[in-house]
Amino acid sequence: MTLYRGTFIDTPENPFDGGGLRVDSDAGLLVEDGMIVARGPFVEIRQAHPAEQVVDLRDGVVLPGFVDTHVHFPQIRAVGGLGLPLLEWLDRYALPEEARMADVDYASGVANEFVRGLAAAGTTSALVFGAHYADAVDTLFDAASKVGLRVTSGLVLSDRLLRPELLTTPVRAYAESLALANRWHGVGRNRYAVTPRFSLSCTDELLATCHDLMEAIPGALFTSHVNENEAEIASVADLFGGCDYVTTYDRHGLVDRRTVLAHNVHPTDVELKMLAVSGATVAHCPTSNAALGSGLFPLTRHLQYGVRVALGSDVGAGTGFSLLKEGLQAYFCQQLQGDQGRPLSAAHLLYLATTAGAEALDLPQVGHLSVGHHFDAQLLRPAEGSPLAVAITNAEDTEEALARIFTLGTPADVQAVWINGDLLH
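An unreviewed UniProt entry lists the chain under the name Guanine deaminase, with Kribbella pratensis given as the organism. Recorded in UniProt under Sequence similarities (unreviewed entry), the annotation for the chain is "Belongs to the metallo-dependent hydrolases superfamily. ATZ/TRZ family." According to UniProt, the comment filed for the chain under the heading Catalytic activity (unreviewed entry) is "guanine + H2O + H(+) = xanthine + NH4(+)".

Right under this line is the structure:
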């Protein structure tokens, strides 16, 4: 067993429902075989376990590992393509990179960059949009396995309106997806997600195939995009006889507790009710929404209807892997909406980046640092004399210090990451 000593901050209870920040200063977390078996004042834990190795983390702050609910593996080299709305950005920046995944060596290099980028940002679990090529998805799962990340991903499916080399057929999609799931789903920390790109690029026949795959892969998740851009929404309505975006998935049985849909910037009330009743989660991607000019996320309306929300980085339209940055942008987004926005505290931001994501990804033993949970954690320790170090030192309390971490923190401040008690190198 290993006893970790430090300041531990997490959000086991939902702050949107009255929960708050849990802060334990000079505390001890006892970890055995990757699981937290005791938490309390360090002196008490030490007295009960005087022979265990102590890892002293008091020179920083320990947070749970972040959980990213929407990020694109092939697009890390497309980050920074500014100045275009969604559909034009896809054609100019994202889809050319997606097509390069046909080269397995290229895909392998990107996969290694991708998983290292996630880990360096303190992200320990992620729902990842894979590639349109099965061999490339293999490289992602392989790279994630070597690093130790908890990755849920799958083959990206489209059968219309994209570059021809990215298209598949329902028969081929089923066969390749099922083969990937048989190789990787439930192997180590990997899980499978059925992943149509978006309704815009999928026929009803392909979406029906996605339902068949969900039936064939127990425990799989379903993920796609929804209501991101007004031009995209209008095109989807034209293709599907005028029905709303969420219904394009729901009429194939694809909207339920296992569903994570990214963006939802422009939902109707009917769609919000449908998402709430189904138990689906919306992955809120604030920097991507801002970079593409997609709009301001209506968090207040989501909460009023009871829709679950978590954070996603959405690399490569998103501007980096750090959920600290996404949390800060989520805060800005709500502030800009005035009375229509939902004011967010540091506790809300941490919850959205950790516990909410774990619940969305059905990872019940991840997201906070409670007894019975995996020790998935990160140590934030800014450089001495840096603006963040000065800000933390002069904070009045821990919640103010956490707010300053979300405001000023970057991956450079993440000094150590553990997954299931294993220190990543």
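Once the structure has been displayed, the description carries forward.
Now for the overall build of the chain. Scanning the chain from terminus to terminus reveals 16 helices and 16 strands. For 425 residues, the compact-globule estimate of 2.2 N^0.38 gives 22 Å, and the chain sits close to it at 21 Å. A principal-axis box enclosing the C-alpha atoms of the chain has dimensions of 65 × 50 × 40 Å. Counting across all 425 residues of the chain, residues that qualify as buried make up 60%. A total accessible area of about 15,500 Å² is found for the chain, and carbon and sulfur atoms account for 52% of it. Looking at charge distribution, the chain has the averaged site of its 28 positive side-chain charges lying 3 Å from that of its 51 negative ones.

What follows deals with helix H13 (residues 346-353). One full turn of an α-helix is made of 3.6 residues, so residues set three or four places apart face in the same direction. Buried residues dominate H13, accounting for 8 of its 8 residues. Taken together, the buried positions of H13 are occupied by Ala-346, Ala-347, His-348, Leu-349, Leu-350, Tyr-351, Leu-352 and Ala-353.

A rise of 1.5 Å per residue sets the reference length of helix H2 (residues 86-100), with its 15 residues, at 21 Å; its end C-alpha atoms lie 20 Å apart and thus fit the reference within 8%. Where H2 bends most, at Ala-94, the angle is about 45°, and the proline Pro-96 comes one to four residues later. Turning to H2, its buried residues number three or more, namely Leu-86, Trp-89, Leu-90, Ala-94, Leu-95, Pro-96, Glu-97, Glu-98 and Ala-99. Buried residues along H2 sit in contact with strand E5 (66-72), helix H3 (104-120) and helix H7 (230-239).

With that settled, consider the pairing of strand E15 (residues 414-419). Burial of E15 is extensive: 5 of the 6 residues sit out of reach of the surface. Bridge count between strand E14 (residues 377-380) and E15: 4 bridges; the pairing is antiparallel. Residue pairing in the sheet places Gln-378 in a bridge with Val-417 of E15. Alignment of E15 against strand E16 (residues 422-423), held across 2 bridges, turns out to be antiparallel. From the neighbouring strand, Ile-419 faces E16, where its bridge partner is Asp-422. With antiparallel pairing between neighbouring strands as the criterion, E15 and E16 make up a hairpin whose turn holds 2 residues, including Asn-420 at a positive phi of roughly 55°.

A separate point is the pattern of salt bridges. Summed over all chains, the structure comprises 19 salt bridges. For Glu-113, the salt bridge is made with Arg-77, and the minimal N-O distance between the two is 2.7 Å. Of this pair, Glu-113 sits in helix H3 while Arg-77 sits in the loop between E5 and H2, placing them 36 residues apart in sequence. Relative accessible area serves as the criterion here: at 28%, Glu-113 is assigned to the partly exposed category. The exposure class of Arg-77 is partly exposed, given its relative accessible area of 38%.

Structurally, the position occupied by Ser-224 is in strand E10 (residues 221-226). Using a relative accessible area of 0% as the deciding quantity, one classes Ser-224 as buried. A distance of 2.9 Å separates the side chain of Ser-224 from the side chain of Tyr-249, its partner in a polar contact. Sequence-distant contacts of Ser-224, that is, excluding residues within four places in its chain, are made with Phe-129, Pro-196, Arg-197, Phe-198, Tyr-249, Val-260, Leu-261 and Ala-262.

This next bit is on the nonpolar core. Within the largest apolar cluster, 105 residues are counted, with the highest numbers of intra-cluster contacts made by Phe-73, Phe-114, Tyr-249 and Leu-402. Those residues in contact with Tyr-249 that lie beyond four places of it in its chain are Phe-198, Ser-199, Leu-207, Phe-222, Ser-224, His-225, Val-226, Leu-254, Val-255 and Leu-261. In this structure, Ile-36, Leu-369, Leu-379 and Trp-418 belong to the second largest nonpolar core, which totals 14 residues.

This brings us to the sheet that holds strand E1 (residues 2-10). Read across the open sheet, the 7 strands follow the order E3-E2-E1-E4-E14-E15-E16; overall the sheet is mixed. Only two strands of the sheet have a single partner each, and these edge strands are strand E3 (35-41) and E16.

What follows deals with the UniProt feature "domain: Amidohydrolase-related" (unreviewed entry) in the chain. Listed under "domain: Amidohydrolase-related" (unreviewed entry) in the UniProt record, and renumbered for this structure, are residues 61-423. Annotated as residues 61-423, this span is 44% helix and 17% strand, and its ends, taken at the C-alpha atoms, are 16 Å apart.

It is worth spelling out the pairing of strand E6 (residues 123-129) at this point. Burial of E6 is extensive: 7 of the 7 residues sit out of reach of the surface. Where E5 and E6 come together, 5 bridges link them in parallel fashion. In the strand pairing of E6, Phe-66 is matched with Thr-123. Bridge analysis of E6 against strand E7 (residues 150-154) gives 5 bridges, and the strand direction is parallel. Bridging across to E7, Ala-126 finds its partner in Val-151.

A word on the packing of helix H4 (residues 134-147) against helix H5 (residues 170-184). Here H4 crosses H5 at 15°, and the two axes come no closer than 11 Å. Here H4 lies roughly parallel to H5, going by the angle between them. Here H4 and H5 pass one another in a crossing that is right-handed. Contacts between H4 and H5 involve Ala-134, Val-137, Asp-138, Phe-141, Asp-142 and Ser-145 from the first element and Leu-180, Arg-183 and Trp-184 from the second. Tallied by class, residues from the contact of H4 with H5 come to 5 nonpolar, 1 polar and 3 charged.

Here is what the cut-offs are and how they apply
- Residues numbered from 1 in each chain as written.
- Predicted model: local features only at pLDDT ≥ 70, side-chain atom pairs only at ≥ 80, totals over all residues.
- Heavy atoms only, no water.
- UniProt positions renumbered as here; feature names shortened; annotations may be inferred.
- Helix = DSSP H or I, 4+ residues; strand = E, 2+ residues; numbered from the N terminus.
- Rg over C-alpha atoms; globule rule 2.2 N^0.38 Å.
- Buried < 20%, exposed > 50% of the residue type's maximum accessible area, 1.4 Å probe, protein only.
- Areas by Shrake-Rupley, 256 points an atom, 1.4 Å probe, with all protein chains shown as cover.
- Lys, Arg positive; Asp, Glu negative; His and termini not counted.
- Charge placed at Lys NZ, Arg CZ, Asp CG, Glu CD.
- Expected span 1.5 Å × (residues − 1).
- Bend = angle between axes of the 7 residues up to and from the residue.
- Contact = heavy atoms within 4.5 Å.
- Pairing = 2+ DSSP bridges.
- Salt bridge = Lys/Arg side-chain N within 4 Å of Asp/Glu carboxyl O.
- Polar contact = N/O pair within 3.5 Å; in protein donor to acceptor, adjacent residues only side chain to side chain.
- Core = buried A, V, L, I, M, F, W, Y, C linked by side-chain atoms within 4.5 Å.
- Axes fitted to C-alpha atoms, helices over the stretch in contact; angles between N-to-C directions.
- Parallel < 35°, antiparallel > 145°, perpendicular 65-115°, else oblique.
- Left-handed = near helix turned anticlockwise from the far one by under 90°.
- Nonpolar A, V, L, I, M, F, W, Y, C, P; charged D, E, K, R; others polar.

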